[in-house]
Amino acid sequence: MSLAWFRGAAESLTLELGSKSAVIYGENGAGKSSFVDAVEYLLNDGKIGHLSHEYSGRHQEKGVINTHTPADVSAALSITLDDDSELRADIKRNGTATVSGAAAAAVHKWDYRRTVLRQDEVAAFIRNTKGGKYSEILPLLGLRPLEFAAENLRQLAKMLERQARVRESRAELEMIEARRKSVFGESSDPDLVQTIAGRYEKYCGQGGGATEAFTQCAAITAAIGQRMAHYSDEQRRHLILREMAGFDLMSSINSVRSATAELASAAEPLLAEKLEVLRSTGGFIAAVQASNEVKCPACGRSVPVDEFRTHVNNEQDRLEGMLRTFDRRKTAIGALCDSLKALQSSVSKAEVESWLTQGGLEDSAKELAELSVAQLRVNCSEDALRQIETEFLPLVVAATAAAKDAPPDVQDLAADTRLIEVAREVVSSRKLAEQLKYLIALVAFLESLESGVRDEIRGRSQRVIDELSADIQAMWTILHPGEEIEGVRLYMPEGADKAIDIELKFFGVEQESPRLTLSEGYRNSLGLCLFLAMAKREAETDPPLFLDDVIVSLDRKHRGMIVELLEREFRTRQVILLTHDRDWYAELRERLDSASWLFKALLPYDRPAVGIRWSAKTSTFGDARAFLTEAPHAAGNTARKIMDTELALRAERLKVRMPYLGSNRNDHRTAHDFLFRIIADGAVCFRRKGASGYEVYADAITSFRATDKLLVTWGNKASHGFDIVRSEAEKLIADCEATLELFVCPSCRKPVYKLVDTSAELLQCECGHLQWRYGKA
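None of the values given here were measured: they were computed from a predicted structure.

Observations concerning the overall build of the chain
- A count of helices and strands for the chain gives 27 helices and 20 strands.
- Here the chain has a C-alpha radius of gyration of 44 Å; the compact-globule value for 777 residues is 28 Å, and the former is much larger.
- Seen through its C-alpha atoms, the chain measures out along the principal axes to roughly 145 × 60 × 50 Å.
- Here the chain has roughly 38700 Å² of accessible surface; of this, 50% comes from carbon and sulfur atoms.
- Once the 101 positive and 115 negative side-chain charges of the chain are each reduced to a mean point, those two points are 5 Å apart.

This is the structure in structure tokens:
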């Protein structure tokens, strides 16, 4: 990887890995996370998550580009793969970037969430919601196409219901059925057809050729019209009055009022509930995670988590009932408007003009003529209903009374006209009923398909989740051997399609979430296992893993097991570990195989124009040298602390037997304690190959003694006071580095404890030039 004027990097910074894994050490602020930022930048289309805020600029240019970049220079970064293909991004001053290179296809297959784990992301999966966990794992399940299919089926069913007007059609059929019952009672369809046939014979004679009920209704209507054409004005007036008498305005008004009252009774609590939704939306997710109860987004009431799904279903049923009432009101308004429209037509006819005048109904007729039925359909208020009652209903009442005096033949004709109108409406609605039946079946079919797809998703998900759980449990066992926290696994909660959570056994007790009992350190350890288990499934694309300061909250006992975990599970994967923990870096240098691992250290950050810098050595003495100018005592103290750690590791590898100390003093030994025993044992144990065979490595023992004296004198002075000058600190650092170098073979560059011969109680380097005969101590 190469960086130039990107984040903390200045003119040029290259991380040369040679296809090996690496451990990169740098104190806080040294700039090591800039490498991780570069990976995220390339994988996430020029965006870095922790820079996504209002201060970073439209294209994050205020955070991505080094603040001291020269005016004529652009920031750049690149990744080169082991086939020499490259992915490069050149970033302009405004933050826009040009990305190019033959490695683009390969690198863009890397999933950022499976490639990079940062310190603040270690326990993020555990803190996430059940749905969020599912979204994290979904790419690993390989079920995204099925998820799309299930969602498309759901949307298709909804769209079908909406565009086919299923609700409206159902309400319309209910109104037609109500009119049928008012005219035909409980008669069956065959009885209805027989009634139509009888009227057809009455008005069209036996010679009529129509056989279908609908055609017969049309023929009857035409025959009635012909008879009416030969009627006198008085007969036609009686027919019109009979027609007006048939407009059941009061029934329609009552239907509208009933539906309106039902909606009104639900409207006030519904408004209160929606306001509560607005108040509770922000905390809804947190409530789901942190409480045994959640506030329902539909009604605002607190509901136990395990009852939540049933409660939501009940709320959906309640709201769907309200929708049905709304449709019923809409249909009732439509029927009322149709009656008023027909009443307008009847009142406007010349045959009833004199009747209106005689009855003093001219004003009502005039108001009716001026009524906007179209506006009434949009806004049928209670005031409008009262106007219909007081001004238009009297027209119907008067027409009903006057129609009683109509001649019998006119009454029969009017009754048959009404009967055939309803019959024709019923017959024509059969097609609508068949369409509705088909649509309802089709919607049900789509819903069953969606359910089947989701069952398939759940089945496949469970198999992958079981495999992931096995890996998580195996990794947890490596990090926490012999501990009473076991059975760590992922599971899919009952009744949830898109949810995943984590359960475990805590001292034999089942726990539905690690957040109940695990400490922060244990949760972070579990988060690391989760990340690595998911990353393990990305082996086909073989992306490297970037672990950025992921062991901050782990104690020494557990972080020490990470080496075993990486060696066992990720031996063939490239892993880049970044840490600010000097002791852990020193331990990793000793424990990881240098044949497949590189070790690099960053110098402390100086200033933006200088940028991130590599130390010339793999040791961490660059931290000590950074203090030489301003604080020589801090440089000496840092060198002594480094030696405390480095010599402890070497004494352990050399099997140096240290005297037991009481209490916890064994963990607080100093460099002097270890050097004292190494010098004593080294006089007989430490050998190098000479011209005539192996001989005691006297030069090393002499150097050890000299360094020990400096640590006791200048090192202690630096740790407990300020009485050390720069030249003394420089010599102390140089001698400490030289001492540690004596444990490394000058020929093969491997440490003296590289190879072990337990039968001979012997340690040696790879080429055998250096030996440590611990059995002679």
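Back to the write-up after that little detour.
A short note on the side chain of Ser461
- Along the chain, Ser461 falls in helix H18 (residues 408-479).
- In this structure Ser461 comes out as buried when scored by relative accessible area, which is 0%.
- Apart from the residues within four sequence positions on either side, Ser461 is in contact with Tyr134, Leu141, Leu143 and Met492.

Examining unusual backbone geometry
- In the Ramachandran plot, Trp5 falls in the positive-phi region, its phi being about 55° despite a non-glycine side chain.
- You can see Trp5 is positioned in the loop between strand S1 (2-4) and strand S2 (13-14).
- Unlike most non-glycine residues, Arg7 shows phi in positive territory, near 50°.
- Taking the relative accessible area as the measure of exposure, Arg7 reaches 24% and is therefore partly exposed.

Details of the pattern of salt bridges
- For the coordinates displayed, the defined rule picks out 45 salt bridges.
- We note a salt bridge from Arg537 to Glu467, for which the minimum N-O separation is 2.8 Å. Of this pair, Arg537 sits in the loop between helix H19 (520-536) and strand S13 (545-548) while Glu467 is found in helix H18, placing the two residues 70 residues apart along the sequence.
- Across the pair Glu503 and Arg489 runs a salt bridge whose closest N-O atoms are separated by 2.6 Å. Of this pair, Glu503 sits in strand S11 (residues 501-506) while Arg489 sits in strand S10 (residues 485-491), and the two are 14 residues apart along the sequence.
- The class for Arg489 is partly exposed, based on a relative accessible area of 33%.
- One continuous salt-bridge network, built from bridges that share partners, spans Glu147, Glu151, Arg154, Glu450 and Arg454.

Section: the packing of helix H9 (residues 189-204) against H18
- Packing of H9 against H18 brings their axes to within 11 Å, and their N-to-C directions diverge by 135°. Considering the angle they form, H9 stands oblique to H18. In terms of crossing hand, the pair formed by H9 and H18 is left-handed. On H18, the residues touching Asp189, Leu192, Val193, Thr195, Ile196, Arg199, Lys202 and Tyr203 of H9 are Asp412, Leu413, Asp416, Leu419, Ile420, Ala423, Val426, Val427 and Arg430.
- Classifying every residue of the contact of H9 with H18 by side-chain character gives ten nonpolar, one polar and six charged.

Structural notes on helix H17 (residues 382-403)
- For H17, spanning 22 residues, the distance from its first C-alpha to its last is 30 Å, which sits close to the expected 32 Å at 1.5 Å a residue.
- For H17, the principal kink sits at Phe392 and spans about 45°; a proline, Pro394, occurs within the next four residues.
- Every buried residue of H17 is listed here: Ala384, Leu385, Ile388, Phe392, Leu393, Leu395, Val396, Ala399, Ala402 and Ala403.

Some details on the packing of aromatic side chains
- This model, assessed by the stated rule, comprises ten aromatic pairs.
- Grouped by ring-pair contacts, the aromatic residues Phe686, Tyr697, Phe704, Phe743 and Trp772 constitute a single cluster.
- Above the plane of the ring of Trp614 lies Lys600, whose end atom (NZ or CZ) is 5.6 Å from the centre.
- One residue, Lys655, lies across the ring of Tyr774, its end atom 5.6 Å from the ring centre.

Side note on the pairing of strand S14 (residues 575-579)
- The element S14 is largely enclosed, with a buried count of five among its five residues.
- Alternating positions in S14 separate into two faces, Val575, Leu577 and Thr579 on one and Ile576 and Leu578 on the other, with burial throughout.
- With four bridges joining them, strand S3 (residues 21-25) and S14 adopt parallel strand pairing. Looking at S14, one finds that Tyr25 is bridged to Thr579.

Details of the state of the cysteines
- Evaluation of the coordinates by the stated rule reveals zero disulfides.
- Among the cysteines around Cys765, which has no disulfide bond, Cys767 carries the closest sulfur, lying 3.6 Å off.
- Cys765 gets classed as buried once you look at its relative accessible area, which sits at 0%.

Focus: the sheet that holds S13
- The parallel open sheet is built from five strands, whose spatial order is S7-S13-S14-S3-S15. Only two strands of the sheet have a single partner each, and these edge strands are strand S7 (116-118) and strand S15 (597-601). Between one strand axis and the next, the sheet turns by 10° as a mean value, whatever way the strands run.
- In this sheet, S14 lies alongside S13 in parallel orientation, the contact comprising four bridges. Pairing of Leu547 across the sheet is with Leu577, part of S14.
- Seen against the sheet, helix H1 (residues 33-43) touches S7, S13 and S14 and runs at an angle of roughly 135° to S7.

What to know about the nonpolar core
- Ranked by size, the top nonpolar core spans 69 residues in total, and within it Leu490, Leu526, Leu530 and Leu577 carry the most contacts.
- Ranked by residues supplied to this core, first place goes to H18 with 15 residues.
- In contact with Leu530, not counting residues within four places along its chain, are Phe125, Ile126, Ile472, Leu490 and Ile502.
- The next biggest cluster of nonpolar side chains, apart from the first, holds 43 residues, and it includes Leu628, Cys736, Leu763 and Leu770.

So, the sheet that holds S11
- One open sheet accounts for three strands, arranged S10-S11-S12; its pairing is antiparallel. Strand pairing shows two members of the sheet lacking a second neighbour, S10 and strand S12 (509-511), which therefore form its edges. Here the strands of the sheet are splayed against their neighbours by 15° on average, with no regard to which way each runs.

Regarding the confidence of the model for the chain
- Overall, the predicted model of the chain reaches an average pLDDT of 86, with 92% of residues at or above 70.
- Note that residues 278-291 has pLDDT below 50 and, in this model, 14 contacts with residues that lie over four places away or in other chains.

Focus: the pairing of S15
- Side-chain alternation along S15 places Trp597, Phe599 and Ala601 on a buried face and Leu598 and Lys600 on a face that remains uncovered.
- Relative to S15, S3 runs parallel, the two being bridged by five bridges. Its bridge partner being in S15, Tyr25 is matched across the sheet by Ala601.

Brief notes about a negative patch on the surface
- Residues Glu362, Asp363, Glu367 and Glu370 make up a contiguous surface patch of negative charge.
- In this structure, Asp363 sits in helix H15 (residues 362-370).
- By relative accessible area, which is 61% here, Asp363 ends up exposed.

Conventions and cut-offs
- Residues numbered from 1 in each chain as written.
- Predicted model: local features only at pLDDT ≥ 70, side-chain atom pairs only at ≥ 80, totals over all residues.
- Heavy atoms only, no water.
- Helix = DSSP H or I, 4+ residues; strand = E, 2+ residues; numbered from the N terminus.
- Rg over C-alpha atoms; globule rule 2.2 N^0.38 Å.
- Areas by Shrake-Rupley, 256 points an atom, 1.4 Å probe, with all protein chains shown as cover.
- Lys, Arg positive; Asp, Glu negative; His and termini not counted.
- Charge placed at Lys NZ, Arg CZ, Asp CG, Glu CD.
- Buried < 20%, exposed > 50% of the residue type's maximum accessible area, 1.4 Å probe, protein only.
- Contact = heavy atoms within 4.5 Å.
- Salt bridge = Lys/Arg side-chain N within 4 Å of Asp/Glu carboxyl O.
- Axes fitted to C-alpha atoms, helices over the stretch in contact; angles between N-to-C directions.
- Parallel < 35°, antiparallel > 145°, perpendicular 65-115°, else oblique.
- Left-handed = near helix turned anticlockwise from the far one by under 90°.
- Nonpolar A, V, L, I, M, F, W, Y, C, P; charged D, E, K, R; others polar.
- Expected span 1.5 Å × (residues − 1).
- Bend = angle between axes of the 7 residues up to and from the residue.
- Phe/Tyr/Trp six-rings, centres within 6.5 Å; stacked < 30°, edge-to-face > 60°.
- Lys NZ or Arg CZ within 6 Å of the ring centre and 35° of its normal.
- Pairing = 2+ DSSP bridges.
- Disulfide = S-S within 2.5 Å.
- Core = buried A, V, L, I, M, F, W, Y, C linked by side-chain atoms within 4.5 Å.
- pLDDT = per-residue confidence, 0-100.
- Patch = residues over 30% accessible without salt bridge, like charges linked within 9 Å, V, L, I, M, F, W, Y side chains within 5 Å.

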